[in-house]
Structures are given as structure tokens and as C-alpha cells.
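# Tertiary structure, described
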Amino acid sequence: MKTVKDMNIENKKVIIRCDFNVPMKDGKIIDNNRIKESLQTINYCLDNNCKIILLSHLGRVKEESDLEKNNLEPVAKELSKLLDRKVTFINETRGEKLEHAVSSMKEKEIILIQNTRYEDLDGKKESKNDSELGAYWASLADIFINDAFGTIHRAHASNVGIASNIPSCIGFLIEKELNALKELDNPEQPFIVILGGAKVSDKIGVIENLVTKADKILIGGGMAFTFLKAEGYEIGTSLLDNDNIDFCQKVINKYPDKIILPVDVAVTTEYSNEEEYKVKDIASIEYNEMGLDIGPNTLELFKKYLSDAKTVIWNGPLGVYEFSKYKKGTDKLLEYITDNNIKAILGGGDIVAAYKNANLKNEVYHASTGGGATLEYLEGKKLPGLEAIK
Ligand code: AMP
């Protein structure tokens, strides 16, 4: 895979697909982490005297009323602050104003164009990878650098479209993500997979792809209850993915020593944080109880399997981590992993959000920024954004 270091970008006009899809409230950026993550590639281009055109999506644009709240202008201001240099915002995704600004650019000048998904208002041109749009953006620059890992599993005009037209490579952020995930291709053993989150259906591809490689798959979260149901347990009102009981049964039958399920759970009678914290053995869940977290014995069991692990991938929280009482299982296992420097990769989305809020002493080996992209990588799927660069 060509990285930005393999390209001669000196004095060139580069177009960089960034992931500036930052959380916003009332027009203000709540968390600028994604902007910070883009700085390494931008700074490298500045050091190489490039003229830099940036583009990114922000949120979803389905109708006119989505435009203002997904305006990318605040990102230009934040980026300018972080870089301590001017970033010119062009309030359009194509047209004369943009073309004029691009043609008069000087070295080290930076332009950010409006949210690429503004183009979705007109027949989803960005999200459906309209070939004319990709060619148009490509025509603005000499070289394309894709540094938006979060959309690498999608074929959009702003990644695949541009890459199909001009010499292309990946930036430092994607390189970092891929290097970490690649360690899972031939993981050092014991290799332990931890899966949680809500639904079995979301994780079927991951289970199928990793079950042969993994020494153990530790299952928690809402999805554990469909496995427990398949094993014949009463799961009360816990989350159940009816359509996938058979799938769970088959996996357990085929890999009886690999699938490790909870032995106890924290239960409530209502989906809320208000009830008294109560732990039940897995065989004693009542018809009106739901499990919202793994219990202390399960935590110890999971720790036992992790104690000599050499590689760990973890996708999905082990409980309803949004509730203070039911985030214990997730937090304590994160603490165990980081305190003991176990080489673990957190696979995007909710588990990374849980990690960031967990107040840990040490950092995890790698916390992946792309939820969907990481999941598809773990499913062994080809990622269109990368294929286009290859
Ligand atoms: P996912 O996106 O599949 O990783 O799912 C994350 C969601 O799973 C979070 O919002 C959690 O609240 C939810 N979750 C985790 N454990 C449970 C559980 N035992 N019951 C219901 N929801 C859960």
C-alpha cells in the first residue's frame, strides 16, 4: 500500500480526504480529536511545500434542513487554531469560486471545501460515488491522499472516486490504523477475541472470520443472551436476537472449547440505572429480569483467559456502559488489560467511547477510530477505499 512517504509530493497540489466528522452541538465542535488526528499528514504536506486542499464529510445530508447543522466551517476555524495558520474555507463543493481559489493557491496554503455530503442532496452524488464528481475533485489536484479511516469501507466520490483518477496514497492516520489491525492477520498466540455490544447479527461476520484463528472468544454484552438462550438458559427479558439462536447454537456445537459465555450477570427488572445493583448466577435469572452487565465471576473468568494473552481484539462493550452501574464489567476488564500491558486493540465505536471515559492509568495498545471500517476489516472484507489506492 502506497503511503504518503512513498510519493514525491514536494511542491505539489495535494487533495487530502480527512475525517472531520466531529461531534457538533449548536454549531460548536464538542470533541476536536478527529481534527487533531489529521495534523500529522497535513503537517507533512506543509513541510513538503504543498498546496493543500482538504475535504471531508460531516453527518448526513438528506434534505435542505440538514445543510446548516452539517456546515464544515467551524472545522476550518478549529484547524486553523491547531495549525496556527490560515485555513481558507470555501463554502461550496464545486464551482467557480472553488476553482479560482485552487488555481491561485500558493505553497503551504490550505483550503477546506464544504461538506462533501452537500452533494448528496443531488441524487446522493457523494455517497453513491458519482464518477463525474470524483473526476471533478481529482481535477483540482496532482495527488490524492486518503486519510479518512472511518469511511474506508465505503465507496464514495471523495475517496474511491478521486483515487480512480489521479496518483493516490494513504496518509499517516490510515497507515497507523492498518498497521495495528494487520497484527490480527497472523496474531501472536494466545489470541483472545472479546465481543460485546447489542446484537449478534452485527457480529456474525466477525465471529465467522475470527473463530478459527482465536484461541477463545469471550462473549458479553447483550449478544451473550442469545448464546445463553441457545444453551437452554432462561434469560428473562434480556436482549434476544431471535433470528440468530440457530447460528449461536451451531457455533457453540462446532467450537465448544472456544466460546466462553458469562457465568453470572447484573440484573434489573427495568432498563434503567435506578434499581439496586444485583448479581445473579446465569442459571437463576427470573422471567422478569434482564441482564445489563457481566457479573464479578465472569469478570474473573475473562481475566483468567486474558492473563497469558499475547494478542487481544475487543469489539463492543460487555454491558450497558451508558449506565454507571452497568459499566463496571467493561471498565474493570479495560483496567485489567491496561494495568497488565496486554496487547489489545479496541475495535471502534462504543468500546472506544467506553475506554475514553474509563479513567485508566495506562493507555491501551491501539484504539481504532473507525467503527464500521474496523468491523468490516475484522470480517475479512475488502475495503473499497483501500482497493482503489492499490
Ligand atoms: P454495539 O454497537 O453492537 O457495539 O452495541 C453497543 C451497545 O450495546 C451499547 O449501547 C450498549 O448499551 C449495548 N449493550 C451492551 N450490553 C447490553 C446488554 N446486556 N443489554 C442491552 N444492551 C447492551
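All of the points below concern the structure found in this document. Per chain, the residues get numbers from 1 upward, laid out in the order the sequence is written. Thresholds applied to this predicted model are a pLDDT of at least 70 for local features of residues and 80 or more for the giving and counting of side-chain atom pairs; totals over whole chains, interfaces and linings are not thresholded and use all residues. As a rule here, side-chain values cover all heavy atoms of the structure and leave hydrogens and water aside.

## Some words on a positive patch on the surface
Here is the rule: Think of a patch as exposed residues, more than 30% relative accessible area, with no salt bridge, where like charges cluster within 9 Å and nonpolar side chains (Val, Leu, Ile, Met, Phe, Trp, Tyr) cluster within 5 Å. Areas reported as accessible are Shrake-Rupley estimates using a 1.4 Å probe. Residue values count occlusion only from the protein chains shown. Any carboxyl oxygen of Asp or Glu within 4 Å of a side-chain nitrogen of Lys or Arg constitutes a salt bridge here. When charges are tallied, Lys and Arg are placed among the positive residues and Asp and Glu among the negative ones, while His and the ends of the chain are skipped. Taken as the charge centre is NZ of Lys, CZ of Arg, CG of Asp or CD of Glu, depending on the residue. By definition, any uninterrupted DSSP run of H or I lasting at least four residues is a helix, any uninterrupted run of E lasting at least two residues is a strand, and each is numbered from the N terminus.
A grouping of Arg60, Lys62, Lys124, Lys128 and Arg154 is seen on the molecular surface, where their side chains present a positively charged patch. As for its position among the elements, Lys124 is in the loop between strand E6 (110–113) and helix H6 (131–138).

## What to know about the packing of aromatic side chains
Our working rule: Think of it this way: a Phe, Tyr or Trp ring, Trp meaning its six-membered ring, pairs with another when their centres are within 6.5 Å, and the plane angle makes it stacked under 30 degrees, edge-to-face over 60, tilted otherwise. Burial status follows relative accessibility: with a 1.4 Å probe on protein chains alone, a residue under 20% of its type maximum counts as buried, one over 50% as exposed, and anything between as partly exposed. Geometrically, a charge over a ring is one whose NZ (Lys) or CZ (Arg) sits within 6 Å of the ring centre while staying within 35 degrees of the ring normal.
The final tally for this structure, using the stated rule, is 3 aromatic pairs. Ring geometry for Tyr271 and Phe323: centres 5.1 Å apart, planes at 55°, overall tilted. Of this pair, Tyr271 sits in the loop between strand E12 (264–268) and strand E13 (278–281) while Phe323 is found in the loop between strand E15 (311–315) and helix H13 (328–339), placing the two residues 52 residues apart along the sequence. Residue class for Phe323 comes out buried when judged on its relative accessible area of 17%. Sitting above the plane of the Tyr136 ring, Arg94 keeps its charged end 5.8 Å from the centroid. Its guanidinium or amino end placed over the ring of Tyr277, Lys328 lies 3.7 Å from that ring's centre, counting from NZ or CZ.

## Some thoughts on helix H2 (residues 39–47)
Applied cut-off: As used here, the arc is the angular range of directions from the helix axis to the C-beta atoms.
When we look at burial in H2, the residues that qualify are Leu39, Thr41, Ile42, Cys45 and Leu46. Down the axis of H2, the buried set is contained in an arc of 165°. They therefore lie on one face. Note on H2: the residue one or two positions beyond its end, Asn49, has a positive phi of about 55°.

## What to know about the site of the ligand
Condition: We call a residue near a molecule or strand as soon as one heavy atom of that residue lies within 4 Å of the molecule or strand. In protein, a polar contact means a hydrogen-donor-capable atom and an acceptor-capable atom, both N or O and within 3.5 Å, with residues adjacent in sequence counting only if both atoms are side-chain atoms; elsewhere, any N or O pair within 3.5 Å suffices. Under the scheme applied here, ten amino acids are nonpolar (Ala, Val, Leu, Ile, Met, Phe, Trp, Tyr, Cys and Pro), four are charged (Asp, Glu, Lys and Arg), and all others, including Gly, are polar.
Lining the immediate surroundings of the ligand are 16 residues, of which Ala198, Gly222, Gly291, Gly319 and Glu322 lie closest. The separation between an oxygen atom of the ligand and a polar main-chain atom of Ala198 is 3.1 Å. Within the side chain of Lys203, one N or O atom sits 3.4 Å away from an oxygen atom of the ligand. When the ligand is considered free in solution it has 510 Å² of accessible area, and contact with the protein chains removes 82% of it. Residues of the shell around the ligand, tallied by class, amount to 7 nonpolar, 6 polar and 3 charged.

## Re the pairing of E15
The criterion, for reference: We call two strands paired when DSSP finds no fewer than two bridges between them. With strands facing away from the observer, any crossover in which the path from the first strand over the helix to the second runs clockwise is taken as right-handed.
Most of E15 sits out of view: 5 of its 5 residues are buried. Taking every second residue as pointing to the same face, both faces of E15 are buried, with Thr311, Ile313 and Asn315 on one and Val312 and Trp314 on the other. By the bridge criterion, 5 bridges tie strand E9 (residues 191–195) to E15 in an arrangement that is parallel. The partner of Ile192 across the bridge, within E15, is Val312. In the sheet, E15 pairs with strand E16 (residues 344–346) via 3 bridges, with the strands oriented parallel. The residue bridging Trp314 from the neighbouring strand is Leu346, located in E16. The β-α-β motif built from E15, the intervening H13 and the parallel element E16 has right-handed crossover chirality.

## Examining the pattern of salt bridges
Evaluated as defined, the whole model comprises 17 salt bridges. The salt bridge partner of Arg34 is Asp19, with a shortest N-O separation of 3.5 Å. Of the two residues, Arg34 sits in helix H1 (residues 33–37) while Asp19 sits in the loop between strand E1 (13–17) and strand E2 (24–25), which places them 15 residues apart along the sequence. In this structure, Glu37 engages Lys176 in a salt bridge whose closest nitrogen and oxygen atoms are separated by 3.5 Å. You can see Glu37 sitting in helix H1 and its partner Lys176 sitting in helix H8 (residues 172–182), a full 139 residues away along the chain.

## What to know about the nonpolar core
The following threshold applies: Residues belong to one nonpolar core when they are buried, are Ala, Val, Leu, Ile, Met, Phe, Trp, Tyr or Cys, and are joined through side-chain atoms within 4.5 Å. Any two residues having at least one pair of non-hydrogen atoms within 4.5 Å are treated as being in contact.
Grouped together as the largest cluster of nonpolar side chains are 69 residues, with contacts concentrated most on Ile15, Trp137, Ile217 and Phe227. When sequence neighbours within four positions are dropped, the list of residues in contact with Ile217 reads Val193, Leu195, Ile207, Val211, Lys258, Ile259 and Ile260. Counting residues in each nonpolar core, the second largest holds 30 residues, with Leu39, Ile52, Val75 and Leu79 among its members.

## Details of unusual backbone geometry
Of note, the bond from Gln189 into Pro190 is cis; its omega dihedral lies within 30 degrees of zero at -5°. In this structure, Asn49 takes a positive phi of about 55° despite not being glycine. Structurally, Asn49 can be placed in the loop between H2 and strand E4 (51–55). Here the phi dihedral of Asn359 falls at roughly 60°; this positive angle occurs in a residue that is not glycine. Within the secondary structure, Asn359 is located in the loop between helix H14 (350–356) and strand E17 (366–367).

## Considering the sheet that holds E6
Worth spelling out the cut-off: Helix axes use the C-alpha atoms of the stretch in contact, all axes being lines fitted to C-alpha atoms, and the angles between their N-to-C directions lie in the range 0 to 180 degrees.
With parallel pairing, 6 strands are arranged side by side in an open sheet as E5-E6-E4-E1-E7-E8. Both outer strands of the open sheet, strand E5 (88–90) and strand E8 (168–170), are each paired with one neighbouring strand and no more. The average undirected angle you get between the axes of adjacent strands in this sheet is 25°. Of the pairings in the sheet, the one linking E5 to E6 comprises 3 bridges and is parallel in character. In the sheet register, Ile90 faces E6, and the bridge partner there is Ile113.

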